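Per-entry structural report
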Amino acid sequence: MIELEGLTKRYGEKVAVNNLTFTVRPGIVTGFLGPNGAGKSTTMRMMLGLDRPTAGDVRIDGKHYDRLKDPLKYIGALLDAKAMHGGRSAYNHLLCLAQSNGIAKKRVHEVLDTVGLTAVARKKAKGFSLGMGQRLGIAGALLGDPRILMFDEPVNGLDPEGIHWIRNLMKSLAAQGRTVFVSSHLMSEMALTAEHLVVIGQGRLLADTTMADFIARNSRSYVRIRTPQRERLLDVLYGAGITVVQTGSGTLEVDGGKPEHIGELAAQHQIVLHELSPQQASLEEAFMRLTAESVEYHAHSDAPPEEQAWGNDWRRS
Ligand code: ADP
Ligand code: MG
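Residue numbering note: each chain is counted from 1, following its sequence as written. Numbering of ligands from 1 and lettering of chains from A proceed in the order in which they are written. With pLDDT at 70 or above as the cut-off, local features in this predicted model cover only qualifying residues; side-chain atom pairs require 80 or more to be listed or tallied, and sums for whole chains, interfaces and linings still use all residues. Excluding hydrogens and water, the side-chain figures rest on all heavy atoms present in the structure.

Bringing empty space enclosed by the protein into the picture now. Over the atoms rolls a probe the size of a water molecule, and in doing so it shows where empty space is left. Method remark: on a 1 Å grid restricted to protein atoms, a set of points is classed as a cavity if a 1.4 Å probe fits but cannot get out and as a pocket if it is open with protein on both sides within 12 Å along at least five of seven lines; lining residues have an atom within 4 Å of a point. Grid points are joined across faces, edges and corners, and a volume is the space filled by probe spheres set on the points. Throughout the structure, instances matching the rule amount to one cavity of 30 Å³ or more. Size it by volume and the largest cavity reaches roughly 50 Å³. By the criteria applied, helices consist of DSSP H or I runs no shorter than four residues and strands consist of E runs no shorter than two, each listed in order from the N terminus. Broken down by secondary-structure element, the contributors of at least two residues to the lining of the largest cavity are strand S7 (179-184) and helix H7 (187-193). Across the lining of the largest cavity, the residue classes tally to five nonpolar, four polar and two charged. Ten residue types, Ala, Val, Leu, Ile, Met, Phe, Trp, Tyr, Cys and Pro, are classed as nonpolar, four, Asp, Glu, Lys and Arg, as charged, and the remainder, Gly among them, as polar.

Following this line, the structure appears as structure tokens:
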């Protein structure tokens with residue numbers, strides 16, 4: 001379990017992480033979602049004791065990272081895979097990591113096998129592809145057999161096969177009862193991987209909920225209608241007690257409406273329809289809507305904090 005309490009990081013005037021409080025629980029994959037620059041990597045670095053919080057606290061199974069006796073046995077992390085590529089072979093890289101952390105040599109073979117690098121273990125990591133580098137980084141994270149795993153944007157730059165592999169690995173680690181915390185700036189990626197979702201924008205917590213709840217709340221279904229007899233149709237729908245949204249592009253939208261019902265009403269009144277289609281707003285759109293305010297305040301970060309969060313109206317003009 002990872003507990004954050006009022007976690008805050010300032011870089012000069014910039015508030016990169018703003019008063020984050022949430023808990024990452026074992027047994028499930030928790031997605032950490034936010035647009036680029038939202039503060040995900042900064043938060044993860046603070047969780048690992050690599051960056052000192054300006055305020056607030058992180059606890060790993062109740063303890064601060066620097067109080068953990070054998071940190072790699074508690075928490076494994078993939079931060080920046082490129083950072084570790086040296087002239088060493090994959091095997092030697094992992095062996096050094098194991099030896100300096102009191103981890104048995106046989107774990108090196110086990111994790112190489114888990115990530116599918118056994119065949120290239122003696123090759124220099126410098127020559128590895130991005131995907132192989134990610135696998136090596138993950139091998140390092142798994143080395144101490146930790147109960148908690150953290151991955152910062154693990155699928156960035158990977159091919160579909162690599163993405164599929166990492167997704168399944170995260171799910172199986174969670175199924176073993178481990179705490180798995182993974183960041184992404186892509187809602188579509190989170191939807192396929194995470195069971196719980198923490199969303200941040202401009203360092204602030206925007207949502208902390210189950211994926212199922214997020215989908216139920218945010219996947220808007222509606223019917224899109226185009227007609228050359230717009231005014232007549234609006235009158236008919238209004239008369240039937242149906243609320244219609246008129247979009248800028250000239251189409252009409254009925255939230256939660258049934259196409260059959262609308263089609264029959266139009267037929268009864270001999271109204272021509274050019275389109276009558278059920279639509280589902282994507283989760284990506286829901287994520288964009290949720291984070292739009294925070295992205296907007298990014299562009300005007302000179303305003304005081306309360307106005308940044310709530311007083312956006314004057315900026316829209
Ligand atoms: P994310 O990982 O969500 O893309 P980051 O945590 O990398 O976001 O960055 C959050 C914000 O903090 C960004 O505006 C970034 O420019 C800023 N930031 C991150 N690290 C530093 C640093 N060392 N010095 C100054 N600003 C930083
Ligand atoms: Mg990042």
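After that view, the rundown keeps rolling.
Now for the packing of helix H3 (residues 90-99) against helix H5 (residues 130-142). Viewed as axis vectors pointing N to C, H3 and H5 meet at an angle of 25 degrees, and their least axial separation amounts to 10 Å. Accordingly, the angle class assigned to the pair H3 and H5 is roughly parallel. Where H3 crosses over H5, the two elements pack in a sense that is right-handed. Residues Ala-90, His-93, Leu-94 and Leu-97 of H3 form the contact with H5, whose own contacting residues are Leu-136, Ala-139 and Gly-140. In terms of residue class, the contact of H3 with H5 is built from five nonpolar, two polar and no charged. Helix axes use the C-alpha atoms of the stretch in contact, all axes being lines fitted to C-alpha atoms, and the angles between their N-to-C directions lie in the range 0 to 180 degrees. Should an angle fall under 35 degrees it is called roughly parallel, over 145 degrees roughly antiparallel, and 65 to 115 degrees roughly perpendicular, with every other angle called oblique. Should the near helix be turned counterclockwise from the far one by less than a right angle, the crossing is left-handed, whereas a clockwise turn marks it as right-handed. In what follows, residue pairs with any heavy atoms lying within 4.5 Å of each other are defined as contacts.

pLDDT expresses how confident the predictor is about each individual residue, on a scale running from 0 to 100. Confidence in the prediction of the protein, expressed as mean pLDDT, is 87, and 90% of residues score 70 or more. Under a pLDDT of 50 for its full length, residues 296-317 has, in the predicted model, 24 contacts with residues more than four places off or in other chains.

A few words now on the nonpolar core. Among the nonpolar cores identified, the biggest contains 49 residues, and Val-108, Leu-112, Ile-138, Phe-151, Met-187 and Leu-197 are the most heavily contacted of them. When residues of this core are assigned to their parent elements, the largest contribution, seven residues, is made by helix H6 (residues 160-175). Beyond its immediate sequence surroundings of up to four residues, Leu-197 is in contact with Gly-31, Leu-33, Met-187, Met-190, Ala-207, Asp-208, Thr-209, Met-211 and Phe-214. Take the buried residues of types Ala, Val, Leu, Ile, Met, Phe, Trp, Tyr and Cys, join any two whose side-chain atoms come within 4.5 Å, and each joined set is a nonpolar core. With a 1.4 Å probe rolled over the protein chains alone, any residue whose accessible area is under 20% of its type maximum counts as buried; one over 50% counts as exposed, and the rest are partly exposed. Leu-7, Phe-22, Met-47 and Val-58 belong to the second-largest nonpolar core, a separate cluster that totals 22 residues.

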